[in-house]
Amino acid sequence: MIDSKKFLLQESDIPEAWYNVVVDMPVKPRPILNPQTKEAMKAEDLYPIFAEELANQEMNTTDRWIEIPDEVREMYRIWRPTPLVRARGLEKMLDTPAHIYFKNESVSPVGSHKLNSAIPQAYYNKKQGVTNITTETGAGQWGAALSMAAKHFGLELAVYMVKVSYHQKPYRRSIMQTYGAQVIASPSMSTRAGRRILTDTPNYQGSLGTAISEAIELAQSTPNCKYTLGSVFNHVSLHQTVIGLEAEKQMEMAGEYPDVVIGCFGGGSNFAGISFPFLRHNFLDGRNTRFIAAEPASCPKLTKGVFQYDFGDEAGYTPMIPMLTLGHNFSPANIHAGGLRYHGAGHIVSQMKQDGFIEAVDIPQLETFKAATMFAQSEGIIPAPESSHAIATAIREALKAKEEGVQKTILFNLSGHGLIDMAAYDSYISGDLANYEVSDEDVARNVASLEKII
Ligand SMILES: *Cc1c(COP(=O)(O)O)cnc(C)c1O
């Protein structure tokens with residue numbers, strides 16, 4: 001039985017600043033490196049790729065709060081603040097003493113948290129006088145969000161969409177095109193990076209790593225054009241902290257404080273968004289909240305990857321990033337959580353995992369769809385296959401609380417809805433879905449070629 005209880009904020013409660021967690025990290029992340037010289041890069045070194053303000057945010061280690069421009073807050077008002085919901089239906093279904101809350105980021109016009117960063121990224125590019133931007137997209141959520149933001153700020157956008165998703169999720173392509181973006185299936189023949197991989201492996205179904213290479217290459221060969229991306233980098237996580245900052249106030253309205261905070265994990269942006277504001281109370285106020293990142297068993301960089309300098313893309317166009325990685329040429333199985341098929345983890349989160357401030361779990365595909373179905377039937381929302389990894393983890397924690405007979409307050413981020421992912425649900429319902437696991441040997445083989453800088 002559905003029995004949700006909502007906690008709502010006013011428009012005036014939309015945060016006025018993003019939270020920069022790096023300032024409060026006890027161990028700072030290592031610097032990103034220039035791949036040729038192996039020297040630490042400065043913000044200016046990123047100006048050829050990113051808008052200057054975004055590059056500055058990427059490298060900012062001194063300002064705890066970074067003001068959100070009025071033009072961005074004005075756009076956030078379309079759907080923010082988002083609801084915090086006590087999932088009492090799910091609690092009853094699980095017969096657990098745990099209290100389960102979720103932050104509902106699926107209510108954005110494009111159906112996911114991605115718009116929180118798409119809007120500022122488009123805004124800072126526009127402000128600098130850039131006319132064209134490029135990007136990659138996996139399941140199409142980031143591409144959809146950026147398409148909307150680019151149109152609003154009058155920018156031309158080209159999106160490289162991972163080929164397997166281009167075919168699995170054709171309606172996300174239609175969404176991007178409806179907002180006026182150009183969408184190209186990746187790998188494509190339009191870039192050197194794409195041509196090389198298509199010549200070697202004609203049937204390659206693409207990866208986020210390859211799509212990023214293509215988008216960077218196009219940006220660098222087009223006048224007045226910059227690259228943008230939807231995850232992994234610090235400035236993206238920064239923008240997503242509006243999620244946790246709102247949730248903090250809403251948990252207070254509910255009269256509770258989370259014992260466990262959970263987010264699904266692709267490159268880390270929505271996990272960072274829900275976690276970092278609460279993590280600051282672990283760092284500064286002696287709180288002991290646990291933070292769990294939930295990744296797919298088929299793409300387990302946090303649980304099975306190595307901590308090493310690696311590229312963010314397949315062709316090696318990005319700086320070298322100190323990250324937990326499966327290797328930039330890792331080719332994940334064609335699971336339906338397209339937004340989680342990325343080889344590495346953002347470098348803040350990687351450092352925190354190394355230092356034991358956050359935990360990670362890897363979840364098999366079938367368990368995520370079982371959890372998604374339970375959530376749909378008890379809370380009325382069909383979740384994105386990506387978000388279902390967080391739901392499955394929340395269910396594991398709630399059942400553990402029941403076994404141990406303890407009350408526990410669980411908060412997870414519902415990063416998006418799954419209404420455009422019904423082909424995936426169809427496969428699950430008809431019994432066509434399988435689990436994919438990556439063995440330690442597979443990982444060892446794949447990371448063997450990485451330069452040993454750490
Ligand atoms: C892109 C996406 C993710 C994964 O990306 P992160 O940067 O790790 O948050 C998760 N959920 C949804 C709905 C997405 O669109």
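Here's what I pulled together on the structure shown here. Please read these numbers as outputs of a predicted model, since none were measured by experiment. (Residues numbered from 1 in each chain as written. Predicted model: local features only at pLDDT ≥ 70, side-chain atom pairs only at ≥ 80, totals over all residues. Heavy atoms only, no water.)

1. Comments concerning the overall build of the protein chain
Argument step 1. A count of helices and strands for the protein chain gives 18 helices and 15 strands.
Argument step 2. Over its C-alpha trace the protein chain gives a radius of gyration of 20 Å, about what one expects of a compact globule, namely 22 Å for 454 residues.
Argument step 3. Oriented by its inertia axes, the alpha-carbon framework of the protein chain measures out at about 60 × 45 × 45 Å.
Argument step 4. The buried share among the 454 residues of the protein chain stands at 63%.
Argument step 5. Sequence-distant contacts, at least 24 apart, represent 77% of the contacts inside the protein chain between residues at least 6 apart.
Argument step 6. Accessible surface for the protein chain amounts to roughly 16300 Å². Of this, 49% is attributable to carbon and sulfur atoms. (Helix = DSSP H or I, 4+ residues; strand = E, 2+ residues; numbered from the N terminus. Rg over C-alpha atoms; globule rule 2.2 N^0.38 Å. Buried < 20%, exposed > 50% of the residue type's maximum accessible area, 1.4 Å probe, protein only. Contact = heavy atoms within 4.5 Å. Areas by Shrake-Rupley, 256 points an atom, 1.4 Å probe, with all protein chains shown as cover.)

2. Comments concerning the site of the ligand
Argument step 1. Around the ligand sit 17 residues, and of these Lys114, Ser231, Gly266, Asn270 and Ser415 come closest.
Argument step 2. Residue His113 places a side-chain N or O atom 3.2 Å away from an oxygen atom belonging to the ligand.
Argument step 3. Out of a free accessible area of 380 Å², the ligand has 97% covered by protein chains.
Argument step 4. Counted by class, the shell around the ligand contains four nonpolar, 11 polar and two charged residues. (Near = heavy atom within 4 Å. Polar contact = N/O pair within 3.5 Å; in protein donor to acceptor, adjacent residues only side chain to side chain. Nonpolar A, V, L, I, M, F, W, Y, C, P; charged D, E, K, R; others polar.)

3. Notes on empty space enclosed by the protein
Argument step 1. This structure, assessed with the given rule, holds five cavities of 30 Å³ or more.
Argument step 2. By volume, the largest cavity is sized at about 370 Å³.
Argument step 3. Around the largest cavity, the lining comprises 32 residues; the ones closest to its centre are Lys114, Gly230, Ser231, Gly339 and Leu340.
Argument step 4. Classifying every residue of the lining of the largest cavity gives 11 nonpolar, 18 polar and three charged.
Argument step 5. In this structure, the second largest cavity encloses a volume near 70 Å³.
Argument step 6. In terms of lining residues, the second largest cavity is bounded by 14 residues, among which Pro296, Ser298, Ile335, Gln365 and His389 are the most central.
Argument step 7. Looking at side-chain class alone, the lining of the second largest cavity contains eight nonpolar, six polar and no charged residues. (1 Å grid on protein atoms, 1.4 Å probe; cavity = no way out; pocket = protein on both sides within 12 Å on 5 of 7 lines; lining within 4 Å. Points joined across faces, edges and corners; volume = space filled by probe spheres on them.)

4. Let's talk about the sheet that holds strand E11 (residues 290-296)
Argument step 1. Ordered by their spatial adjacency, seven strands build an open sheet running E1-E4-E5-E15-E10-E11-E14, and the pairing between neighbours is mixed. In the strand order of this sheet, the two ends are held by strand E1 (5-7) and strand E14 (359-363), each with one partner. Neighbour-to-neighbour, the strand axes of this sheet turn through a mean angle of 25°, independent of strand direction.
Argument step 2. Contacting strand E4 (84-86), strand E5 (99-104), E14 and strand E15 (409-414), helix H15 (residues 365-379) runs over the sheet at an angle of about 95° to E14. (Pairing = 2+ DSSP bridges. Axes fitted to C-alpha atoms, helices over the stretch in contact; angles between N-to-C directions.)

5. Brief notes about the packing of helix H6 (residues 141-153) against helix H8 (residues 170-178)
Argument step 1. One way to put it is that H6 packs onto H8 with a least axis distance of 8 Å and a crossing angle of 15°. Relative to H8, the element H6 lies roughly parallel. In terms of crossing hand, the pair formed by H6 and H8 is left-handed. On H8, the residues that touch Gln141, Gly143, Ala144 and Ser147 of H6 are Arg172, Ile175 and Met176.
Argument step 2. Counted by class, the contact of H6 with H8 contains three nonpolar, three polar and one charged residues. (Parallel < 35°, antiparallel > 145°, perpendicular 65-115°, else oblique. Left-handed = near helix turned anticlockwise from the far one by under 90°.)

6. Details of the packing of helix H2 (residues 52-59) against helix H5 (residues 115-127)
Argument step 1. The interhelical angle for the contact between H2 and H5, taken along N-to-C directions, is 125°, at an axis separation of 7 Å. Our classification of the angle between H2 and H5 gives oblique. On H5, the residues touching Glu53, Leu54 and Gln57 of H2 are Gln121, Tyr124 and Asn125.
Argument step 2. Considered class by class, the residues forming the contact of H2 with H5 number two nonpolar, three polar and one charged.

7. Overview of the pattern of salt bridges
Argument step 1. Taken as a whole, this structure holds 21 salt bridges when the rule is applied.
Argument step 2. Residue Glu246 is joined to Lys103 by a salt bridge in which the shortest nitrogen-to-oxygen separation is 2.8 Å. Taken as a pair, Glu246 in helix H11 (residues 234-254) and Lys103 in strand E5 lie far apart in primary sequence, 143 residues in all. An identical accessibility class is assigned to Glu246 and Lys103; each is buried. (Salt bridge = Lys/Arg side-chain N within 4 Å of Asp/Glu carboxyl O.)

8. Side note on the sheet that holds strand E7 (residues 156-162)
Argument step 1. Ordered in space as E8-E7-E6-E9, the four strands form an open sheet in which the pairing is parallel. The open sheet has two free edges, formed respectively by strand E8 (182-186) and strand E9 (225-227), since each of these has just one partner strand. In this sheet, adjacent strand axes meet at a mean angle of 25° when their direction is disregarded.
Argument step 2. In this structure, E7 lies alongside E8, joined through five bridges in parallel fashion. Across the sheet, Met161 pairs through a bridge with Ala185, a residue of E8.
Argument step 3. Its contacts with the sheet put H8 on strand E6 (132-137), E7 and E8, and the angle it makes with E7 is roughly 175°.

9. With respect to the packing of aromatic side chains
Argument step 1. Tallied over the entire structure, the rule returns 15 aromatic pairs.
Argument step 2. A centroid spacing of 6.2 Å and a plane angle of 45° characterise the contact between Phe7 and Tyr101, whose relative ring orientation is tilted. One end of the pair, Phe7, is in strand E1; the other, Tyr101, is in strand E5, and 94 residues separate them in sequence.
Argument step 3. With relative accessibility at 1%, the residue Tyr101 sits in the buried group.
Argument step 4. Three or more aromatic residues joined by ring pairs form one cluster here, namely Phe50, Tyr227 and Phe233.
Argument step 5. Positioned above the aromatic ring of Tyr166, the side-chain terminus of Arg173 is 5.1 Å from the ring centre. (Phe/Tyr/Trp six-rings, centres within 6.5 Å; stacked < 30°, edge-to-face > 60°. Lys NZ or Arg CZ within 6 Å of the ring centre and 35° of its normal.)

10. So, helix H10 (residues 208-220)
Argument step 1. Taking 1.5 Å per residue, 13 residues should reach 18 Å; H10 reaches 18 Å between its end C-alpha atoms and fits that length.
Argument step 2. The buried fraction of H10 amounts to 11 of the 13 residues, a majority that puts the element mostly inside the structure.
Argument step 3. Inspection of H10 places Leu208, Gly209, Thr210, Ala211, Ile212, Ser213, Glu214, Ala215, Ile216, Glu217 and Ala219 among the buried residues, and these make up the whole buried set.
Argument step 4. On its buried side, H10 packs onto E6, E7, E8, helix H9 (192-200) and E9. (Expected span 1.5 Å × (residues − 1).)

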